[in-house]
Amino acid sequence: MKYLTTIGEKTYTIEINDDQQVIVDGVPYPVDLEAVSGQPLYSLLINNQSFEAFVDQGDEGWRVLLRGDLYDVKVEDERAVRLAKSAGGAVAQSGDFHLKSPMPGLIVVITVSEGQVVKKGDILVILESMKMQNELKSPRDGTISRLKAKGGDTVEQNQILLTVSG
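The rules behind the values
- Residues numbered from 1 in each chain as written.
- Predicted model: local features only at pLDDT ≥ 70, side-chain atom pairs only at ≥ 80, totals over all residues.
- Heavy atoms only, no water.
- Helix = DSSP H or I, 4+ residues; strand = E, 2+ residues; numbered from the N terminus.
- Buried < 20%, exposed > 50% of the residue type's maximum accessible area, 1.4 Å probe, protein only.
- Contact = heavy atoms within 4.5 Å.
- Areas by Shrake-Rupley, 256 points an atom, 1.4 Å probe, with all protein chains shown as cover.
- pLDDT = per-residue confidence, 0-100.
- Salt bridge = Lys/Arg side-chain N within 4 Å of Asp/Glu carboxyl O.
- Phe/Tyr/Trp six-rings, centres within 6.5 Å; stacked < 30°, edge-to-face > 60°.
- Lys NZ or Arg CZ within 6 Å of the ring centre and 35° of its normal.
- Pairing = 2+ DSSP bridges.

(A) Just the overall build of the protein, in detail. When you go through the protein residue by residue, the secondary structure sums to one helix and 16 strands. Burial statistics for the protein: of 166 residues in total, 29% are counted as buried. Nonlocal contacts in the protein, meaning residues at least 24 apart in sequence, comprise 46% of its contacts between residues at least 6 apart. Looking at the protein as shown, the accessible area adds up to about 10200 Å², and 51% of this sits on carbon and sulfur atoms.

(B) Expanded view of the environment of Gly 121. Among the secondary structure elements, Gly 121 is positioned in the loop between β11 (117-118) and β12 (123-129). Separated by 15 residues in the primary sequence, Gly 121 and Leu 136 place their C-alpha atoms 8.8 Å from one another. Excluding its chain neighbours within four sequence positions, the residues that come into contact with Gly 121 are Lys 137 and Ser 138.

(C) Structural view of unusual backbone geometry. If you check the backbone angles, Asn 47 has positive phi at about 55° while not being a glycine. Along the polypeptide, Asn 47 turns up in the loop between β5 (41-46) and β6 (49-58).

(D) Up close: the confidence of the model for the protein. Summary statistics for the protein give a mean pLDDT of 84 and a share of 90% for residues scoring 70 or more. When the criterion is pLDDT under 50, residues 87-93 qualifies, and its contacts beyond four places in sequence or with other chains add up to two contacts.

(E) Highlighting the pattern of salt bridges. Going through the model one piece at a time under the given rule, you end up with five salt bridges. Across the pair Lys 120 and Glu 9 runs a salt bridge, and its minimum N-O distance is 2.9 Å. You can see Lys 120 sitting in the loop between β11 and β12 and its partner Glu 9 sitting in the loop between β1 (2-7) and β2 (10-18), a full 111 residues away along the chain. Since its relative accessible area comes to 40%, Lys 120 is described here as partly exposed. A salt bridge links Asp 56 to Arg 63, with the nearest nitrogen and oxygen atoms 2.3 Å apart. Of the two residues, Asp 56 and Arg 63, neither departs from the other in class, the shared state being buried.

(F) Representation of the packing of aromatic side chains. Counted according to the given criterion, the structure contains zero aromatic pairs. Across from the ring centre of Tyr 12, 5.0 Å away, lies the NZ or CZ of Lys 10, which sits over that ring.

(G) Structural context of the sheet that holds strand β16 (residues 160-165). In space, the four strands of this open sheet follow the order β9-β16-β14-β11, with antiparallel pairing throughout. The strands lining the two open edges of the sheet, one partner per strand, are β9 (96-100) and β11.

(H) A look at the pairing of strand β4 (residues 27-35). Note that strand β3 (residues 21-24) and β4 share four bridges and pair antiparallel. Among the inter-strand pairings, Gln 21 is bridged to a residue of β4, identified as Pro 30. Counting the residues that bridge the hairpin from β3 to β4 gives two residues, and of these Asp 25 lies at a positive phi of roughly 50°. Taking the residues between adjacent antiparallel strands as the criterion, β4 and β5 are bridged by five residues, where Ser 37 takes a positive phi near 55°.

In structure tokens, the structure reads:
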């Protein structure tokens, strides 16, 4: 099965034929992916390198926390994309983006305030979880329209921390 996977501005074609290998943009990689204790935490071995990733399905796609960086990932079936294009359909983006906590943790600091203009990639929140500090960044340009958490708060997975309007 082929999927079009978009991370930021870049789209990758990913083909999954079995559990031992994926093909990314025509290049095969040996993989081993295992869920850890029924949590949204995965152990990934790819091309003989080991990674741990938190993976969570959000309202507008998937969120992957890998090595302290949060990625918004959109995954679409290649056939569904072709059908949508042939029908002339396009998906409109909403004006608000709700930054949700990718895992339970402690808010170390919120680096922005309501009304502040932010750029894509700006650090919005530093979240500590499992003794690691994770920078949660803005996925797009916009204005902070609402803060729903503050430094020192303990938050749950999927809890809305703030809203970026734009």
